[in-house]
Amino acid sequence: MTLDHGDPGDAPSVPAPTATVVNPARPSAAEEARTVAASTNSATLASLSDDGTPWASFVTYGLLDGQPVLCVSRMAEHGRNLANDPRASLAVVEPNGPADPLAGTRITLAGVVERPEGVEAEAAREAHLAAVPAARYYIDYNDFSLWVLRVRRVRWVGGYGRMDSASAEDYAAAEPDPVVPGAAGAITHLNEDHADSLLAMARVLGGFPDATEALCERADRYGLDLRVTTDRGVARTRVGYETRIDAAAELRAATVALARRSRTE
């Protein structure tokens, strides 16, 4: 059976590119998930109560090699749930999202929790404290326990129409994007001072030669996400750098190269 949204009626349609998107390089689902997981220290935990019903709770976490580290009290229902049934998942929403929550980025990490032991227990404690400094006031109380979520399933959603799954192995091997956390200022600068360059990128590199306006919505280590306005409607496209960058300090040179390329091709 085909899964779709059915007839949209009079809803606006999203125009497709009319030319080749030269380099649509973007992070993998595993990289996206690691970036979201590293962007905050709070999530919604789904655990199972004694009768098998799902129980959702607000929790904080740190990361140990990408695996969430929880510190919960057995006086809390979710703490008792984890002790009785290790199956759990975390829903994490990227902070500072758009006005429309469903247009934002979020992930679900599912697996089983385990109590860390020995050297891993100390590393897990330090990882949680590094992400949640306030936990130093309660982490050593005897009713609190550390749990590491052994991630087995990963789902990433990047907004409307952008979603993918990643294996546990790919998630564990991926790295958080080093550009995304510090890109806000650069994005503002591009939109305020280099609108003409963004428009040229959309027209020449992004597959929309009929674009009348382009805004940068995101910058990561592989390229830029552009919101493109045309007479056919509003769309989004991707403009990849010539080579991957590995630090926010390299962002300016990478975008300058894109601007030059869009004016010479």
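It should be noted that the structure appears before, not after, this text.
These figures come from a predicted structure and were not determined experimentally.

## Let's talk about the layout of surface pockets
And step 1. Reported here for the largest pocket is a volume of approximately 1,400 Å³.
And step 2. Lining the largest pocket are 46 residues, and of these A103, G158, E217, R218 and R236 sit closest to its centre.
And step 3. At five residues, strand β10 (residues 233-240) tops the list of elements feeding residues into the lining of the largest pocket.
And step 4. When the residues that make up the lining of the largest pocket are grouped by side-chain class, the tally is 23 nonpolar, 11 polar and 12 charged.
And step 5. The space that makes up the second largest pocket amounts to roughly 260 Å³.
And step 6. What lines the second largest pocket is simply A186, H189, L190, H194, S197, M201, L251, R252, T255, V256 and A259.
And step 7. Where the lining of the second largest pocket is concerned, the elements lending two or more residues are α5 (184-193), α6 (195-204) and α7 (251-264).
And step 8. If you tally residues by element for the lining of the second largest pocket, the top one is α7, at five residues.

## Let's talk about the pattern of salt bridges
And step 1. A full pass over the atoms with the stated rule returns 17 salt bridges.
And step 2. When the shortest N-O distance is used, the salt bridge between D246 and R221 registers 2.4 Å. Taken together, the residues span a long stretch of sequence, with D246 in the loop between β10 and α7 and R221 in the loop between β8 (213-219) and β9 (223-230) at a distance of 25 residues.
And step 3. Given a relative accessible area of 5%, R221 falls into the buried group.
And step 4. For R238, the salt bridge goes to D225, with nearest N and O atoms at 2.8 Å.

## Points about the packing of aromatic side chains
And step 1. Scanning the entire structure with this criterion turns up one aromatic pair.
And step 2. One residue, R34, lies across the ring of Y171, its end atom 5.4 Å from the ring centre.

## Focus on helix α2 (residues 77-84)
And step 1. Within the sequence span of α2, burial applies to H78, G79, N81 and L82. End-on view of α2: buried residues confined to an arc of 160°, all on one side of the axis. Residues of α2 that are exposed and point more than 90 degrees away from the buried face comprise A83 and N84.
And step 2. The elements touched by buried residues of α2 are β1 (42-48), β2 (54-64), β3 (67-73), β4 (87-93), β5 (106-114) and β6 (144-157).

## Focus: the packing of α6 against α7
And step 1. At their nearest, the axes of α6 and α7 sit 9 Å apart, and the two run at 60° to each other. Classified by the angle their axes make, α6 and α7 are oblique. Handedness of the crossing formed by α6 with α7: left-handed. Along its contact with α6, which presents D196, S197, A200, M201 and V204, the element α7 presents T255, L258, A259, S262 and R263.
And step 2. Of the residues assigned to the contact of α6 with α7, the class counts are five nonpolar, three polar and two charged.

Cut-offs applied
- Residues numbered from 1 in each chain as written.
- Predicted model: local features only at pLDDT ≥ 70, side-chain atom pairs only at ≥ 80, totals over all residues.
- Heavy atoms only, no water.
- 1 Å grid on protein atoms, 1.4 Å probe; cavity = no way out; pocket = protein on both sides within 12 Å on 5 of 7 lines; lining within 4 Å.
- Points joined across faces, edges and corners; volume = space filled by probe spheres on them.
- Helix = DSSP H or I, 4+ residues; strand = E, 2+ residues; numbered from the N terminus.
- Nonpolar A, V, L, I, M, F, W, Y, C, P; charged D, E, K, R; others polar.
- Salt bridge = Lys/Arg side-chain N within 4 Å of Asp/Glu carboxyl O.
- Buried < 20%, exposed > 50% of the residue type's maximum accessible area, 1.4 Å probe, protein only.
- Phe/Tyr/Trp six-rings, centres within 6.5 Å; stacked < 30°, edge-to-face > 60°.
- Lys NZ or Arg CZ within 6 Å of the ring centre and 35° of its normal.
- Arc of directions from axis to C-beta.
- Contact = heavy atoms within 4.5 Å.
- Axes fitted to C-alpha atoms, helices over the stretch in contact; angles between N-to-C directions.
- Parallel < 35°, antiparallel > 145°, perpendicular 65-115°, else oblique.
- Left-handed = near helix turned anticlockwise from the far one by under 90°.

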